[in-house]
Each structure stands twice: as C-alpha cells, then as structure tokens.
Amino acid sequence: MRQAWRLFDRMAGDYDQVMPIFHEFGKAIVAAVDPPAGCRFLDLGAGRGALTSAALHRGCAVTAVDAAPEMARRLVHDHPGAAVCVMDAGAMGFKSGEFDLVMASFVIHLLDDPGAGVTEAFRVLRPGGRCVLTGGSARHHDEAPVVWSSPLTDRVDMLFLEFAPLLPPGGGIGRPIDAAGLLEAAGFVDLREDHATVEITVPHTQALWRWSMTSGYRGFVEALPGAHRAEFEQRMLGMSIGDGLLRRRTCLWSGRRPA
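Residues numbered from 1 in each chain as written. Predicted model: local features only at pLDDT ≥ 70, side-chain atom pairs only at ≥ 80, totals over all residues. Heavy atoms only, no water.

**Looking at the layout of surface pockets**
Approximately 400 Å³ is the volume found for the second largest pocket. Broken down by secondary-structure element, the contributors of at least two residues to the lining of the second largest pocket are α1 (2–11), α2 (21–33), α3 (50–57) and α4 (69–78). A per-class count over the lining of the second largest pocket returns 15 nonpolar, nine polar and five charged. (1 Å grid on protein atoms, 1.4 Å probe; cavity = no way out; pocket = protein on both sides within 12 Å on 5 of 7 lines; lining within 4 Å. Points joined across faces, edges and corners; volume = space filled by probe spheres on them. Helix = DSSP H or I, 4+ residues; strand = E, 2+ residues; numbered from the N terminus. Nonpolar A, V, L, I, M, F, W, Y, C, P; charged D, E, K, R; others polar.)

Below, the structure written as structure tokens:
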C-alpha cells in the first residue's frame, strides 16, 4: 500500500471535499449493514471518515484505521468520538476477536496484498462477527434490472476505459478484486451480497475534474504519459455535463467469521 497511502496523504486536505460522494456512500453503506448501537466497529482504510461518521451517528464504538498519517490527523480532528490509528491493514496491532464488525469501503483493492487485509479482518473479528467489503461484481443475475448508472456516469467511465491502455505497466492505482473470493479464502461463511447507490449533482466539468484529482482517480491521471494526461484533462473538461447527475452503485460483500 506504499504507493496508495502516499497519494492519499497528499490529497487528505481536499479528499471528498469537492463532491462528497464517499460521504454519501458511507451513509448508504452503513444504512445497508445496519449495525446496532454499541457495536465495536472497525473502519478499515477510513479516509476522511465516511463510514466512521455514519457509524458514530448510530452509536457504534468506532475505531478508524488509515495508513496515511495526514488522513489520520484529520480523522482525529473531525471525529473526536472515534479511536484513530495509523496502521497497515495487512498487519494491524489489535488483539484477536476485538471487533464485532469490520468494514472496508473502497480500500481493499488498494492494498499490496488484498488477501492479507481480509485475513487480518478475520483475525480481529470475534466469532460470529462480520466483515463487509465493497468491490467486485454481482455473482447472481436473476434479480430484476436496476437502473444504477446515468448518462454522465457512463461518459466518465468510458473516458477512463479509453485511456486505460495508455497506462505504463503497473501504472494507475488499485486492481480489480473478487471481494467474495477474498472473503471465502479467509474463512468467512454465510456470504451475502447487498448494494449501495448514491447520486451527486455535478455543477460543471471543472468540478468533475477537481473531484477526479482529489480522489483515487488522481493515481490514474498521474500515471498517464504527459501528453496523454493533458489530453485526458481536456477531454474531461470538454465533456457534455447534461443534467449533471452522477449516479454510482457498489456491491457490498459480507461474510461471517464462524462461531
């Protein structure tokens, strides 16, 4: 996670401040999981506290972990009700069985070893506790279709897909993950798939660009060769904003540590 935490440490002051999409995701994800008051809640890769804020609001006893020291400093300032630690998710300094619920939102794919992070989550959970991860694709396709995208979302995603082949080997940040597979490999049982969807209104493409450069997308942009980086910026700034609706959906995979 060395590359990732350095990037997020640089962005800590602006992260999720231009358009608070992760804050909105935090509320939606915690609402979907519905932890009870008093739950010993570990927010793994907490960032600016999207999950932490929502869990504190529900009366959970929150511990927030991030590998980026500046993120942790801001967590302490913004969420004094949480215990905040600077830690590597793959080697946490907690006792085994210390938590009732571990949640990792948009972070497992950033780890150098995602499997080690999920194995650590298993270790620090009490028997019967649950781990919830975002990421991966739905395994079942027999449910009714859900309209989770929007024209602007599609345009943004297509732009990233178009430029992805221009990245150097190992460029960008993060990797595709199979969250369900990681949970199974770590020993979790009773796997469950849920979803969380959020909507943000983008006022103009300048805001869209600033958001991209104050989120994990910055790692993608900075990895592009110089000329292509400038072209990518121009293409995003020249994009049709339409109704400005950016709608995103994520899968939530959870599993229980056996009793």
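After that view, the rundown keeps rolling.
**A short note on the pairing of strand β1 (residues 40–44)**
Of all five residues in β1, four are buried; the element is thus mostly enclosed. In the classification by handedness, the crossover that spans β1, the intervening α3 and the parallel strand β2 (residues 61–66) is right-handed. Bridging between β1 and strand β4 (residues 99–104) involves three bridges; their strand directions are parallel. Within β4, the residue paired with Leu-42 across the bridge is Val-102. (Buried < 20%, exposed > 50% of the residue type's maximum accessible area, 1.4 Å probe, protein only. Right-handed = clockwise from strand over helix to strand, strands pointing away. Pairing = 2+ DSSP bridges.)

**Describing the side chain of Ser-105**
Checked against the element boundaries, Ser-105 lands in the loop between β4 and α5 (114–124). Looking at Ser-105, the relative accessible area reads 17%, which means it is buried. Excluding its chain neighbours within four sequence positions, the residues that come into contact with Ser-105 are Ile-29, Leu-44, Leu-51 and Thr-134. (Contact = heavy atoms within 4.5 Å.)

**A short note on the pairing of strand β5 (residues 125–134)**
Two elements, β4 and β5, share five bridges in a ladder whose sense is parallel. Following the sheet pairing, Phe-99 is matched in β5 by Leu-125. With α5 bridging β4 and the parallel β5, this β-α-β connection has right-handed handedness. Both β5 and strand β7 (residues 245–256) contribute to a ladder of five bridges, which runs antiparallel. Looking across to β7, one finds that Val-132 is bridged to Ser-254.

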